Amino acid sequence: MAHPFEKMFDKALKKSTLEYNEVLIEAEKLKAKGYRVEEIATVLTKLHKSLIDKTEAEIVGEAAEEFSRY
């Protein structure tokens, strides 16, 4: 079963461009709600590794990299 964050990130990915990273914004919202940074980062990393589309992988990879700084 997919992690609930995965569905949220997938939805955000559909709205994202290379210039506007909605996935990172969604991750920041989850952090602000009090979810564990490690959990969010793990889901982002897993999603990044599973993507085939180069652009989508770049968007999620950027979000994972930015978010890993926490």
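Here, the structure is the one placed above.
Since the structure is predicted, the reported quantities are computational estimates derived from the model, not experimental observations.

Caption draft 1: The arrangement of the packing of aromatic side chains in detail. One pass over the full model with this rule turns up three aromatic pairs. Ring plane angle 55° and centroid distance 6.4 Å describe the contact between Phe 5 and Phe 9, whose orientation is recorded as tilted. You can see Phe 5 and its partner Phe 9 sitting in helix α1 (residues 4-15), four residues apart, about one turn around the helix. Judged by centre distance (5.1 Å) and plane angle (70°), the ring pair of Phe 67 and Tyr 70 falls under edge-to-face. Residue classification places Phe 67 among the buried residues on the basis of a relative accessible area of 0%. Among the aromatic residues, those joined into a ring-pair cluster are Phe 5, Phe 9 and Tyr 35.

Caption draft 2: Just the side chain of Asn 21, in detail. Position of Asn 21 relative to the elements: it lies in the loop between α1 and α2 (22-32). Given the relative accessible area of 8%, Asn 21 is considered buried. One polar contact links the side chain of Asn 21 to the main-chain amide nitrogen of Leu 24, over a distance of 3.1 Å. Among all residues touching Asn 21, those that are not within four sequence positions of it are Ser 16, Ile 59, Glu 62 and Ala 63.

Here is what the cut-offs are and how they apply
Residues numbered from 1 in each chain as written. Predicted model: local features only at pLDDT ≥ 70, side-chain atom pairs only at ≥ 80, totals over all residues. Heavy atoms only, no water. Phe/Tyr/Trp six-rings, centres within 6.5 Å; stacked < 30°, edge-to-face > 60°. Helix = DSSP H or I, 4+ residues; strand = E, 2+ residues; numbered from the N terminus. Buried < 20%, exposed > 50% of the residue type's maximum accessible area, 1.4 Å probe, protein only. Polar contact = N/O pair within 3.5 Å; in protein donor to acceptor, adjacent residues only side chain to side chain. Contact = heavy atoms within 4.5 Å.

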